[in-house]
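As a plain string of letters, each chain reads:
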Amino acid sequence: MKEIYVDNNATTRVDDAVFAEMRPYFCELYGNPSSMHFFGGQVQKKVDEARKRVAALLGASPDEIIFTACGTESDNAAIRSAIEVFPERKHIITSRVEHPAVLTLCRNLAKRGYRVTELNVDGAGQLDLQELKAAVDEDTAIVSLMYANNETGVVFPIEEIGAIVKEKGALFHTDAVQAVGKIPLNMAASSIDMLSLSGHKLHAPKGIGALYLRKGVPFRPFLVGGHQEKNRRAGTENTASIIALGKACELAGTFMDDENCRVKALRDRLEKELTARIPHARINGGGAERLPNTLSLAFEFVEGEAILLLLSEKGICASSGSACTSGSLEPSHVLRAMGVPFTCAHGSIRFSLSRYNTDAEIDLIIRELPPVIKRLREMSPFGREFLAASN
Amino acid sequence: MWDYTDKVKEHFLNPRNVGAIDDADAVGEVGSLACGDALKLYLKLDPNKERIVDAKFQTFGCASAIASSSALTEMVKGKTLEEALHISNQEIAEFLGGLPEEKMHCSVMGQEALEAAIAKYRGEEAPAHDHDHEHAVMEGEVVCKCFGLTDVFLKKVIAANKLTTAEQVTHFTKAGGGCGGCIPRIKELIAEVMGAEPQVAPKRPEKLTNLRKMQLIQETLEKEIRPLLWADGGDLELIDIDGGKVQVAFRKACAGCASSGFTVRTVEQKLRELVSADITVEEVEG
């Protein structure tokens, strides 16, 4: 069965050109960039090139890029650094809808005596900037807020947030794992101090990430033990993946318009057709600015895992905003924070597209999903009168 | 992705007996939209009101909830009410070739719905563990506020499934799977149940299903045999169970010890005594 992959916020296909670029650095050009000989030196040059390519996508300077193993490491490095460079500041601000990489760390720090403010979001998934303004003070070490939400695609007003944070001298970190490659960025004109990105969300392999660190922002390394990355991240460089990330960032720049036009049009058509064909479906974050590739839909009276497995039978690979898949029994913390009612929080499905998706694939999802929802609703003990009335 | 058995997948993709029975004799409802799964079970009895002649279900939930409901309706048909009441959640899981432990709560939900339906038919009060938030007459103190589960219900499931950790209780009942605030209380309940009952049944159960036999072998190894070995600085690991054949590997002081032949026999003797007479134990390298 040919897969129809619409789970690109989970991970993406490695681009053929990216793979071709990294391939020689396993068996042929396997030198250590730190070596004195030519064999390592030629790898160092490719790593430098990759750093320039990542910096170019972000509108940053190459020495502001630190390669890490993943988005989670970048998030951990940023927040742990901030509390070390500001030992007298004991307050951290984040939001209720962050990725667990940020949220779990902040909650662990709360147990160690930090005051942690988790900002609320409204029904559309947006922050109340007044709440942020009231929360940030001279005790705040770092404000960590995501650029775009992985489940709903909702985009936070990052520059407005940055301006508020800077008033009180706190550091501003953003987890931009879902935004990089989809939203044009220009660090040179930004108030962001640190930004996390992940390779496998933009067609590079898994296991490579980067942290943007603004020049002049104090930093304490998370990993120590070697001089790599200018003493900011010890450990032998993952050369092949770094080179892959560089290529992927270059391609992301090239495909940014495609992402925002063609992919967005596919998403919009999927959204319009599904909500027209399926009664009692709502768009999570529908009232907010969203990533061009993400659609989170809530279907009342059905459960997400059952929808996903029936879609999987048709070759359609999507993801659930709900619980069962992740092992937690609560519906997604993001949807709960948005106040999505229980009647549909359990039945939320996320479609996340990429440049590889086609019109024909979207047609197939539009054809296959409505009968799946209908079938599960017919099986459900809930909403029978409600649905009968609307049919 | 969950590692569902082919039988679970088959019952999920082609569920038997979906729907309602308009003139049902007994209807049992458990769960709610908030909980993330719910089951409404309909039973139709023969004219003498003794045997179940038809069963149907409506389920809101994940694949294993739908498969468990389908299995339950197949299992109860043809049984008397008394026989049906003896169906345990383990038997529902076993009918499906087993469920991932995280999904055992689906089998518990099936058993609950069956009890609720029969109790209602007999005019009894709704069972204590009926955790439908809106209608339940609940007995005992609510322990898990997220899913509305009482101590009486949790202790029953802990005892019936011989659960020993809070994580297992979450997998079997969902209690503690929301905010997690009740996990300390769940641990107390486990201690209460374990204190009240001997950890291994003193006599062998009469009829052992394969699943129960494997569970009992594991429990006996954990609670009766390994502690004896620890006393001598040794340990053993269960490698495999195939019918009555149990393979173990010895660790630490026991591994390679000349007297381990004696130890294999001791393990076998103990398992025959406490689980089943047809068990053979052999030592393998693991």
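Above this text is the structure in question.
First, a word on what this report is: a plain description of the structure on this page. If you're wondering where the values come from, they're calculated on a predicted model, not measured in any experiment.

**Let's talk about the sheet that holds strand β3 (residues 52-60) of chain B**
Residues and elements named next belong to chain B.
- The sheet built from 3 strands is open, its strands ordered β1-β2-β3 with antiparallel pairing. A single partner strand is all that each edge strand has here, and the edge strands are β1 (26-32) and β3. Direction aside, neighbouring strands of the sheet carry axes that sit 10° apart on average.
- Relative to β3, strand β2 (residues 37-45) is paired through 8 bridges, and the arrangement is antiparallel. Across the sheet, the residue bridging to Lys-44 is Asp-54, located in β3.
- Together, β2 and β3 form the strand contacts of helix α2 (residues 63-76), whose direction differs from that of β3 by roughly 175°.

**Digging into the packing of aromatic side chains**
Residues and elements named next belong to chain A.
- Within this structure, the stated rule accounts for 3 aromatic pairs over all chains.
- A centroid spacing of 4.9 Å and a plane angle of 70° characterise the contact between Tyr-30 and Phe-39, whose relative ring orientation is edge-to-face.
- When its relative accessible area of 54% is taken as the criterion, Tyr-30 is described as exposed.
- Consider the rings of Phe-38 and Phe-39, whose centres lie 6.1 Å apart with planes at 70°: the pair is edge-to-face.
- With relative accessibility at 65%, the residue Phe-38 sits in the exposed group.
- Feature note: the residues Tyr-30, Phe-38 and Phe-39 constitute an aromatic cluster, connected by ring pairs.
- The ring of Phe-255 has Arg-355 lying over it, and the distance from NZ or CZ to the ring centre is 4.2 Å.

**Remarks on the pattern of salt bridges**
- In total, this model carries 48 salt bridges over all chains according to the counting rule given.
- Residues Asp-363 of chain A and Arg-269 of chain A are paired through a salt bridge, measuring 2.8 Å at the closest nitrogen-oxygen approach. Here Asp-363 of chain A is found in helix α13 (residues 359-379), whereas its partner Arg-269 of chain A is found in helix α9 (residues 239-277), with 94 residues between them in sequence.
- Between Lys-49 of chain B and Asp-25 of chain B there is a salt bridge, with the nearest N and O atoms lying 2.7 Å from each other. On the criterion of sequence distance, the pair formed by Lys-49 of chain B in the loop between β2 and β3 and Asp-25 of chain B in the loop between α1 (6-13) and β1 is long-range, its members being 24 residues apart.
- The class of Lys-49 of chain B is partly exposed, set by a relative accessible area of 37%.
- A single network of salt bridges, built from pairs that share partners, joins Glu-21, Lys-46, Glu-49, Arg-53, Lys-247 and Glu-250 of chain A.

The rules behind each value
- Residues numbered from 1 in each chain as written.
- Chains lettered and ligands numbered in written order.
- Predicted model: local features only at pLDDT ≥ 70, side-chain atom pairs only at ≥ 80, totals over all residues.
- Heavy atoms only, no water.
- Pairing = 2+ DSSP bridges.
- Helix = DSSP H or I, 4+ residues; strand = E, 2+ residues; numbered from the N terminus.
- Axes fitted to C-alpha atoms, helices over the stretch in contact; angles between N-to-C directions.
- Contact = heavy atoms within 4.5 Å.
- Phe/Tyr/Trp six-rings, centres within 6.5 Å; stacked < 30°, edge-to-face > 60°.
- Buried < 20%, exposed > 50% of the residue type's maximum accessible area, 1.4 Å probe, protein only.
- Lys NZ or Arg CZ within 6 Å of the ring centre and 35° of its normal.
- Salt bridge = Lys/Arg side-chain N within 4 Å of Asp/Glu carboxyl O.

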